[in-house]
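Here is how the chains run, residue by residue.
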Amino acid sequence: METGERARLIIILILQLILRVRRNQQQRCRRVLCRRPLFPRTRCHLNLRKIALEGANVIYKRDVGKVLMKLRKPRITATIWSSGKIICTGATSEEEAKFGARRLARSLQKLGFQVIFTDFKVVNVLAVCNMPFEIRLPEFTKNNRPHASYEPELHPAVCYRIKSLRATLQIFSTGSITVTGPNVKAVATAVEQIYPFVFESRKEIL
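Residues numbered from 1 in each chain as written. Predicted model: local features only at pLDDT ≥ 70, side-chain atom pairs only at ≥ 80, totals over all residues. Heavy atoms only, no water.

Engineer: Even after reading the chapter, I still don't get the pairing of strand S3 (residues 66-71), so can you show me in this structure?
Structural biologist: For a regular strand, side-chain orientation follows a simple rule: the groups alternate between the two sheet faces. Here 4 bridges tie strand S2 (residues 58-61) to S3, and the two strands are oriented antiparallel to one another. In the sheet register, Lys61 faces S3, and the bridge partner there is Lys66. Counting the residues that bridge the hairpin from S2 to S3 gives 4 residues, and of these Gly65 lies at a positive phi of roughly 65°. The pairing of S3 with strand S4 (residues 76-81) spans 6 bridges and is antiparallel. The partner of Met69 across the bridge, within S4, is Ala78. Linking S3 back to S4 in an antiparallel pair, the connection comprises 4 residues. (Pairing = 2+ DSSP bridges. Helix = DSSP H or I, 4+ residues; strand = E, 2+ residues; numbered from the N terminus.)

Structural data, given as structure tokens:
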């Protein structure tokens, strides 16, 4: 394949990945994970029992000392600890994650807690892209050690880590790649970097 065509494929894949991260879950993007406390210290103790009794759509897990609170719009799940630490997951864009976090803060304020919405940050993005070819995983792993590790008895995918981007890629033989990184830009860059390597190990169509 010519260099120009290869570069064009890379650009198309990156654009598709960015669009998928910003669209809903039905369009192949799995989710954007907000895994940072919305307000790491609310400066008030959160009474989990009160949240469980008076809050809506909550699950109280007393044995592990946390409450799960779910929102329908946007569809996110918050894990709440009595210390004030909160983790939100499930949004499909950074804007949706921030909107859901604000809704969660308002819900806690309505229950009587003096919480403050501060230090919001998305620190983990999970996205999925599909290569237009299948991949020979043993060959890919052999050519890309020590960054790549493959244990088919434990997991059907190759784990490839890019330390400079703090990104991890799960590469499947079908051509599907799951990428985890700190932000959308890192995820897109990871796909751009991995493409030449998986292309070398692609399965030829007979």
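Picking up where we left off.
Engineer: Can you help me understand the nonpolar core in this one?
Structural biologist: Soluble, globular proteins show a tendency: their nonpolar side chains are buried together. By size, the foremost hydrophobic cluster in this structure holds 48 residues, and its most contacted members are Ile51, Ile80, Met131, Phe140, Leu169, Ile171 and Ile194. Sorting elements by how many residues they give to this core places helix H5 (residues 184-200) first, with 7 residues. The contact partners of Ile194, leaving out residues within four places of it in the chain, are Met131, Phe140, Tyr160, Leu169, Ile171 and Ile177. (Core = buried A, V, L, I, M, F, W, Y, C linked by side-chain atoms within 4.5 Å. Buried < 20%, exposed > 50% of the residue type's maximum accessible area, 1.4 Å probe, protein only. Contact = heavy atoms within 4.5 Å.)

Engineer: Explain the confidence of the model for the chain here, please?
Structural biologist: Close reading of the predicted structure is inappropriate where its pLDDT is low. Summarising the model, the chain shows a mean pLDDT of 80, and 78% of its residues fall at 70 or more. Considering each helix and strand of the chain separately, the mean pLDDT is smallest for strand S1 (residues 31-33), with a value of 36, and largest for strand S8 (residues 158-162), with 95. (pLDDT = per-residue confidence, 0-100.)

Engineer: Help me out: how do you make sense of the pattern of salt bridges in this one?
Structural biologist: Opposite charge on two side chains allows them to pair when their charged atoms are near. Applying the stated criterion across every chain, the model contains 2 salt bridges. When the shortest N-O distance is used, the salt bridge between Lys203 and Glu134 registers 3.7 Å. Residue Lys203 is located in the segment after H5, and its partner Glu134 is located in the loop between strand S6 (124-130) and helix H4 (137-143); the two are separated by 69 residues in the primary sequence. The salt bridge partner of Arg136 is Glu139, with a shortest N-O separation of 2.7 Å. (Salt bridge = Lys/Arg side-chain N within 4 Å of Asp/Glu carboxyl O.)

Engineer: Got a minute to help me understand the environment of Lys61 in this structure?
Structural biologist: Turning to its location among the elements, Lys61 is positioned in strand S2. The exposure class assigned to Lys61 is partly exposed, which follows from its relative accessible area of 34%. Between the alpha carbons of Lys61 and Leu48 there is a distance of 9.3 Å; along the sequence they are 13 residues apart. Once you skip the residues sitting within four places of it in the chain, Lys61 turns out to touch Lys66 and Leu68.

Engineer: What is the right way to look at the sheet that holds S2 in this model?
Structural biologist: The strands that make up a sheet are held in pairs by hydrogen bonds between backbone atoms, and each pair lies either parallel or antiparallel. As summarised here, the arrangement of the 4 strands in space is S2-S3-S4-S5, forming an open sheet in which the pairing is antiparallel. The open sheet has two edge strands with one neighbour each: S2 and strand S5 (86-89). On average, adjacent strands in this sheet sit at an angle of 15° to one another, irrespective of strand direction. Packing against the sheet, helix H3 (residues 94-110) makes contact with S3, S4 and S5, and its axis sits at approximately 120° to S3. (Axes fitted to C-alpha atoms, helices over the stretch in contact; angles between N-to-C directions.)

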